[in-house]
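Residue-level structure breakdown
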Amino acid sequence: MRRRLTSLSLLAFLGLGTLAFAQVTGVVNDANDFPEADVEVTVKGTDKVAFTDENGNFNIDAKVGDTLVINGKEFKVTSTSLGALKYSTTENVALDEVVITSIFEAPAKAGQTIVNSDQIKDFNPSLSVDQMLGGKVSGLISQAQSGAPGSTANVTIRGALGLSGGVKSPLYVVDGTYMSETDMNSINPSDIETIKVLKEASQLAIYGARGANGVVIVKTKTAKKGATTVSYSSRIGVTNMMDLPNIKVMNSSQLLNFQRGLYDLDPTAGYGIDWTPAEIAELSKTNTNWADESYRTGILTSNHISISSNEGNLSQNFSIGHDKDQGAVIYYKGFERITSSYNFTSKAKDWLRVGANVNGSYQTRDIPRDRFNAQSVFNAVLENQPYADVYIYDDQGNITYDQWGYPVYNPNNGGGYPTLDEMAKMYNRTRQFKLFGSAYVEADLFKNVTARSTFGATYVRLQQEIFNRGNTYLAQLLGSPASKTDDSRDNLNYNWRNEISYVNSWDKHNLRATVASEFQKYNNYRMVIAGRGFPNNDLVTQNLAQEILGGGSSFTNRSQIVRYGYIGALSYDYDRKYMLDAYIRRDGTSLAGWNSMYGTFWGFSVGWDIAREEFLKGSNVVNSLVIKGSYGEVGDDSALTTYSNLNLISLGFYNGQFSGTPSRNIANADVSWETNKKLNLGLEFALFKNKLTGSAAYFQDKRNNFIFPNQFSYTNGGYRSFMNAGQLTTNGLELDLNYEVVRTKNFDLSLYGNITNVNYKVNQLNGTSQLFVSGSAENLVHIEGQTPYQFYLVRWAGVNSQTGEAQYYDIDGNITTTYDGGDAVATGKTPLPKVFGGFGLNTKVYGFDLNADFTYSAGGYSYNNVYQWITDPNGITNKDVSANDYWRNPGDNARFARPDASGHQYSTQFLEKSDYILFRSLSLGYNLDKKLLDNTPLKSLRIYGQVQNLAMFTKFHGNPVQGTGSSESSTVSSTGYVSNSFAGFGYPMTRTYSLGINVSF
C-alpha cells in the first residue's frame, strides 16, 4: 500500500555491475517499523521506478550520487564503494505526513498477497474487479458468472466451501467500507491503487464473521507528496463473441443430409426426415448463420480523469470516470457506468488527523436471457435450423411487418420460437445507484497511544424493469396482454469501528497493542409491483396498468441483520527477526439462535526472518527468508438465513377471510455459527539479489457445525428447523514465484507464476453417511470420507461396436444396454478444481512494455448439457457436426450409439473435464521518454494496445469457464448452487481489442 510514512529504514547493498549503474536493493518500513508493500521508489530526475514487494524489498538501477525518492522523501546514495549504502534516517519528518494506524488495514508484516494497480491497469474496465484477481493470487480462484459485460465472479479463497451449496465469498473492504461480491462491478479499476488478499486466520479473526472466508482489501488512489497532478486515461475498443471451443454446428446441407440419414437408418423411428435430393438442394440455398444474425461487434469506451494534490497539511484526490461496453448481442445496450470518487486526509492539529473518502457509481445494464430453451439467444444460435429464414416473407419475397411496424420473425426455425422477436421488443433494464465510503478521526491521546474512530457505509438503490410488450410473439402465444414487473431494492449497510492503539519501539523491540469494538447493521427493503393491461407498447408506468396483480406477484418486504464485536490485537517483533501477532474477537450475530448468538474467535502467527541472522547478513544469495506459521478459529454466519431463529406467522387470506398460519420453520434456539479452524505454515523468500522472490505455504481448514435443514415428517406437519452438524477438511499447497530474468538500463524481463493445489474431505455429515445436495442443478452427493459435491450419475460404458447399442454400468459394475436411473452412483468427480493459478511475463525495452497474462484450472468436472442437447439425434433442431459420428455398421468405432427414440441419457457420457488454459490478456505499450516532455506541461505519456481473451485451450465442448451455467436455472443465491457444476446456454466469453492512452500533467 502506498501511503505517507513517518519513518523509513533502508538497508541497501550495491550489487555487481558496471561502474556507472548498479542494482540498489533495500527495505522500506512503515511508521510501526513493519515492512511496507507497494511503495513507489524512483531515481530523482529519471524515469526509473520500482515498487516494494510484500516484504518491503525493492531493487532499482541507480549509481552512486543519485537520489532516491520514496513517497516524497529523498535519500542520497552516499557510498562510492561496493559495500553497504547508508542513508540518513535522522531527517525530521514533515508535519503534514499522515499515518494510517488502523488494525483493520492489515499490518504488512503479516502474510498477505498484494496486487498493485500496474497488474490490472490494462484490463477492460468493464471487467469487474473480482474477475481481475483471477490468476494473480495463489489460493484464490475467480470464475466469471457469465461473459456478459458487467458480470461479477464467484471468488473463493483456499477452497472455502459449505455443504449446502452457494459460494463462500470473501469480504471486500473498500477504503474501510464493507462490501460484497455483487458490488465489485461498481468500482472503477482506474481508481484502485492496491488490493490486499488476506488468507490466514491470524488476520481474518479481526473481521469477525464477515471475514471467515477471506478478506480482500481494496485501497483507492491517494495523492502523492508534491505538486498537483492531473491524470487522464482513455480507451476505445471493440468486442466480439468468442467461438465456443470444440463446437461447430452444421450448415444447411450437413443438417439436411444428417436428418435424411436418420430416416434411412429407421424410417419408422420418427426422428429422421424423408427429404428428397431436390428438397435438400433447394433448402440448402438458404444457409442462415444464426450467430451472425444474433451477435454483433460491440463498441467499448472508457474515460477517466483524476486530480490529486498533497501539499501542506492536506492531501486530496478527486476522480470521475465513464465506461461503456455494448457487449456482443444485438438489441442490447450492455453495461454503462459512471463513477466518481473523492478522498482527503488532513492533519488538523499536531495530535489530530482526519480523513474521508466518498465513492459514487451509477450503472445501467441489460443482458439477454440464458435459460434452457429457445428463449435464450445462445440456445437459438446453436439449435436454430440453418435452412430456416429469420423473417416471414410475402409472395414477392419481401419481409412482412406487423401493425406496429416491426418485422415478423419466423417461428418455424426448429426451436419453435422466434428468439429475435423477444430480444427486439422486450424491455429489460436494471439501473443501480451506489454510494459508499468511510470517514475517520484519529487522535494522539498521549505518548504512544492513539485513538481512532471509523464509520463506513454503503447505500444501494437498485431498480429493474421488465416489460413484455403486447406485440411480442410470447404475449400472443400466451394470450396475455402487455405486462410489466418493477423490482426495486433499497439497502443501507454500515459499520462503525472504534479502536485504541499503543505503539512503541525501544532498542530492537517493536510493539503494537490494540483494543477495538465494531458495530455492523444491514438494512434491506424490497418492493415488487406487477401489472398488466397497458394502453400501448410505449407507456409503461404502473399507474397505466389496467390491473395490479396480487397473489404474491406484488409485495414488499424488509429485513435487518446486526453484528457486534470486541477485538484485541497484539503485534510484536524483535529486530524484525522474530515476529508474533495475536488476535481475539468476541462476536455476536442476530442470525444465530437465541442461546448461541455469541462466539469467541482467535488467531496467532509467528515468524522468523532467517536472513537477518548474522550468518546470512550480507549474503548475495539469500536476501530475505521468512518462516511463518499461524493458527486460528473464525466463525461464519453466512449460511444462517434471516429470521430463521424466530417462530413466525404467515398472514394471508383463506376463503375470503384474513387469516394467519404458522410458518414452515421452527426456530432452533441453539443453532449457531459454522466454525473454521485454520492452520498455515509458510515461507517467504528473496534470493540472488532479489532476482527470485516468492512464497510457499501449506494450509489446512477444518470446518465444523455446518447449517443443515432438519425436515420433520409430514405426518407431524412437515415443518423444518435448522441444526449444526458435519465437518469438512480442506488442505492444500500454494506457490508464488517471480523471477527477474534480465534487468538493465534499457531492457527488463520478468516472469511470474502461481499454483494452488486443493483437496477436500467430508469427515462427518448430519448423522448419515451419504447426503444429496438439495436444490442443485445436477445430481450431487456428499459421502463421508470422500470429496464433497460428487456427481451422482449412471456410468457410461461406451458403444457396443457390434450392435451399436449404448452401454452403461449397472450399480454392481456390470455392463448393460438398459438405462436405469437406479444404477446411478457417486462418481468421485466434482466441479471443484484441484489445481489452479496463473502465469505470465512482463518486459520493457527502450520505452516499450509488453505484458502477457494466463490463467488455468484443472481437476474439476462440469455436466455438459449444451453438448448433450446439440448431439442428441432426436428433434429437428440443428446439431454439432460430431453428432453425425454415430454407429451405422458392425465394427464401427463411433462416438455415439445407434440413434433410437430415447436419445441421449443423463449419464457420465456428458460429464466432461473443465480443465483449461486461458490466454487472458496481451498488451503492448510505449512510454514516451520523459526528456522529450521536459518543455511541455506533460509529466508522462503512455499509449498502448490490448487484447483480452485471446485464446482458450481446452478439451471441453464449449465454455469451461461458466460459473453460472444458466441464471434462470440456478444462481448464486439458489439452494444447492455449485459454481461451474454445469454448462447451460449462458452468455459466452467475449474477446476485446482496444487502444488507449494514459497521460499526466
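Procedures and definitions
- Residues numbered from 1 in each chain as written.
- Predicted model: local features only at pLDDT ≥ 70, side-chain atom pairs only at ≥ 80, totals over all residues.
- Heavy atoms only, no water.
- Helix = DSSP H or I, 4+ residues; strand = E, 2+ residues; numbered from the N terminus.
- Rg over C-alpha atoms; globule rule 2.2 N^0.38 Å.
- Buried < 20%, exposed > 50% of the residue type's maximum accessible area, 1.4 Å probe, protein only.
- Contact = heavy atoms within 4.5 Å.
- Areas by Shrake-Rupley, 256 points an atom, 1.4 Å probe, with all protein chains shown as cover.
- Lys, Arg positive; Asp, Glu negative; His and termini not counted.
- Charge placed at Lys NZ, Arg CZ, Asp CG, Glu CD.
- Pairing = 2+ DSSP bridges.
- Axes fitted to C-alpha atoms, helices over the stretch in contact; angles between N-to-C directions.
- UniProt positions renumbered as here; feature names shortened; annotations may be inferred.
- Core = buried A, V, L, I, M, F, W, Y, C linked by side-chain atoms within 4.5 Å.
- Salt bridge = Lys/Arg side-chain N within 4 Å of Asp/Glu carboxyl O.
- Phe/Tyr/Trp six-rings, centres within 6.5 Å; stacked < 30°, edge-to-face > 60°.
- pLDDT = per-residue confidence, 0-100.
- Polar contact = N/O pair within 3.5 Å; in protein donor to acceptor, adjacent residues only side chain to side chain.
- Patch = residues over 30% accessible without salt bridge, like charges linked within 9 Å, V, L, I, M, F, W, Y side chains within 5 Å.
- Expected span 1.5 Å × (residues − 1).
- Arc of directions from axis to C-beta.

**Quick word on the overall build of the protein chain**
The number of helices and strands found in the protein chain is 9 helices and 50 strands. Computed over its C-alpha atoms, the radius of gyration of the protein chain comes to 31 Å, within 12% of the 30 Å expected for a compact globule of 1001 residues. Its C-alpha atoms put the protein chain at 95 × 70 × 65 Å along the principal axes. In the protein chain, buried positions account for 55% of the 1001 residues. A sequence separation of at least 24 residues applies to 70% of the contacts in the protein chain between residues at least 6 apart. As displayed, the protein chain has an accessible area near 41200 Å², and 55% of this comes from carbon and sulfur atoms. Across the protein chain, the centroid of the 87 positively charged side chains sits 6 Å from that of the 94 negatively charged ones.

**Things to note about the environment of Phe-685**
Relative to the assigned elements, Phe-685 resides in strand β32 (residues 674-687). Overall, the relative accessible area of 11% leaves Phe-685 in the buried class. For the pair Phe-685 and Ala-696, spaced 11 residues apart in sequence, the C-alpha separation works out to 8.8 Å. Contact partners of Phe-685, with chain neighbours within four places excluded, come to Ser-624, Leu-625, Leu-692, Thr-693, Gly-694, Ser-695, Asp-736 and Leu-737.

**Details of the sheet that holds strand β14 (residues 192-198)**
By way of backbone hydrogen bonds, the strands of a sheet pair with one another, either parallel or antiparallel. Spatial ordering of the open sheet is given by β9-β14-β15-β12-β13, a layout of 5 strands whose pairing is mixed. Of all the strands in the sheet, just β9 (113-116) and β13 (177-179) have a single pairing partner and so form its edges. Each neighbouring strand pair of the sheet contributes to a mean axis angle of 20°, computed without reference to strand direction.

**Some thoughts on the UniProt feature "domain: TonB-dependent receptor plug" (unreviewed entry) in the protein chain**
Per the UniProt annotation, the sites labelled "domain: TonB-dependent receptor plug" (unreviewed entry) are residues 113-215. The distance from the first to the last C-alpha atom of residues 113-215 is 11 Å, and the span holds 8% helix and 28% strand.

**With respect to the nonpolar core**
Membership of the largest hydrophobic core comes to 62 residues, with the highest contact counts inside it found for Val-329 and Phe-378. Other than its neighbours up to four places away in sequence, Val-329 contacts Met-241, Ser-294, Tyr-295, Arg-296, Pro-368, Val-377, Phe-378, Met-423 and Tyr-987.

**With respect to the pattern of salt bridges**
For side chains bearing opposite charge, pairing can occur when the charged atoms are close. Counted under the stated rule, the structure contains 39 salt bridges. Close ionic contact of Glu-465 with Lys-484 constitutes a salt bridge, the shortest N to O distance being 2.6 Å. Residue Glu-465 is found in strand β22 (residues 449-468), and its partner Lys-484 is found in strand β23 (residues 483-506); the two are separated by 19 residues along the sequence. For the pair shown, Glu-465 and Lys-484 are each scored as buried. Put simply, Asp-587 and Arg-585 hold a salt bridge, and the shortest N to O gap is 2.9 Å. The exposure classification of Asp-587 matches that of Arg-585, with both residues buried. Shared partners join several salt bridges into a network, and the residues in it are Lys-168, Asp-636, Glu-674 and Arg-703.

**A look at the packing of aromatic side chains**
All told, the structure shown has 31 aromatic pairs when counted by the stated rule. Ring centres of Phe-467 and Phe-534 lie 5.4 Å apart, and the angle between their planes is 80°; this geometry places the pair in the edge-to-face category. Highlighted residues: Phe-467 in strand β22 and Phe-534 in the loop between β24 (509-532) and β25 (547-548), separated in sequence by 67 residues. No difference in accessibility class separates Phe-467 from Phe-534, as the two residues are buried.

**Concerning the confidence of the model for the protein chain**
Predicted confidence across the protein chain gives a mean pLDDT of 87, with 92% of residues reaching 70 or more. Counted against residues more than four places away or in other chains, residues 78-100, with its pLDDT under 50, gives 51 contacts.

**Details of the pairing of strand β40 (residues 806-809)**
Two elements, strand β39 (residues 795-799) and β40, share 4 bridges in a ladder whose sense is antiparallel. Considered in β40, the bridge of Val-799 is made with Ala-806. Here β39 folds back onto β40, and the loop between the two strands holds 6 residues, one of which, Gly-804, carries a positive phi near 80°. Across 2 bridges, β40 lies against strand β41 (residues 815-816) in antiparallel orientation. Along β41, the bridge assignment pairs Tyr-808 with Thr-816. As consecutive antiparallel partners, β40 and β41 are separated by 5 residues, and within that stretch Gly-813 has a phi angle of approximately 90°, a positive value.

**What about unusual backbone geometry?**
In the Ramachandran plot, Lys-689 falls in the positive-phi region, its phi being about 55° despite a non-glycine side chain. Phi angles above zero are rare outside glycine, and Asn-705 is one such case at about 60°. Examined against the element boundaries, Asn-705 turns out to sit in strand β33 (residues 692-711). According to the relative accessible area criterion, Asn-705 is partly exposed, its value standing at 33%.

**Considering the sheet that holds strand β36 (residues 770-772)**
Pairing is antiparallel across the open sheet formed by 4 strands, whose spatial order is β36-β37-β38-β42. Whereas interior strands pair on both sides, the edge strands pair on one side only; in this sheet they are β36 and β42 (825-826). The sheet contact formed by β36 and strand β37 (residues 780-783) spans 3 bridges and is antiparallel. Looking at β37, one finds that Phe-772 is bridged to Val-781.

**Side note on the pairing of strand β11 (residues 153-157)**
In terms of residue burial, β11 counts as a mostly covered element, since 5 of its 5 residues are buried. Side chains Ala-153, Val-155 and Ile-157 of β11 all project onto a buried face; the interleaved residues Asn-154 and Thr-156 project onto the opposite face, where all are buried too. Here strand β10 (residues 140-144) pairs with β11 via 5 bridges, running antiparallel. Residue pairing across strands places Ile-141 opposite Thr-156, the latter belonging to β11.

**A word on the environment of Tyr-977**
Looking at where Tyr-977 falls in the secondary structure, it is placed in the loop between β48 (940-953) and β49 (982-983). Residues Tyr-977 and Glu-778 lie 199 residues apart in sequence; the distance between their C-alpha atoms is 9.4 Å. When sequence neighbours within four positions are dropped, the list of residues in contact with Tyr-977 reads Asn-154, Gly-165, Gly-166, Val-167, Gly-963, Thr-964, Ser-970, Thr-971 and Val-972. Among the polar contacts listed, one links the side chain of Tyr-977 to the side chain of Asn-154, at a separation of 2.7 Å.

**Some words on the environment of Leu-616**
Relative to the elements of secondary structure, Leu-616 occurs in the loop between β28 (598-609) and β29 (622-636). Using a relative accessible area of 16% as the deciding quantity, one classes Leu-616 as buried. Dropping the residues within four chain positions of it, Leu-616 is found in contact with Ile-610, Ala-611 and Val-622.

**A short note on the side chain of Gln-145**
The topology assignment puts Gln-145 in the loop between β10 and β11. Polar side-chain contacts of Gln-145 include one of 3.1 Å to the side chain of Asn-154. Those residues in contact with Gln-145, other than ones at most four positions away along the chain, are Thr-152, Ala-153, Asn-154, Gly-963, Thr-964 and Val-972.

**Things to note about a nonpolar patch on the surface**
There is a patch of nonpolar side chains on the surface, built from Tyr-232, Ile-305, Ile-307, Phe-318, Ile-320, Ile-338, Tyr-342, Val-358, Tyr-362, Phe-433, Leu-435 and Phe-1001 and spanning about 970 Å² of accessible area. Topologically, Ile-320 is positioned in strand β18 (residues 314-325). Relative accessible area serves as the criterion here: at 39%, Ile-320 is assigned to the partly exposed category.

**Concerning the side chain of Ser-857**
Along the chain, the position of Ser-857 falls in strand β44 (residues 848-858). For Ser-857, a relative accessible area of 5% translates into the label buried. Apart from the residues lying within four places of it in its own chain, the contact partners of Ser-857 are Ile-141, Pro-833, Val-835, Phe-836, Ser-914, Asp-915 and Tyr-916.

**Considering helix α3 (residues 252-265)**
For α3, with 14 residues, the first-to-last C-alpha span of 20 Å sits near the 20 Å given by 1.5 Å per residue. When we look at burial in α3, the residues that qualify are Ser-252, Leu-255, Leu-256, Phe-258, Gln-259 and Leu-262. Summarising the axial view, the buried residues of α3 lie within an arc of 160°, below the 170-degree limit, and thus occupy one face. The secondary structure elements touched by the buried residues of α3 are α4 (277-283).

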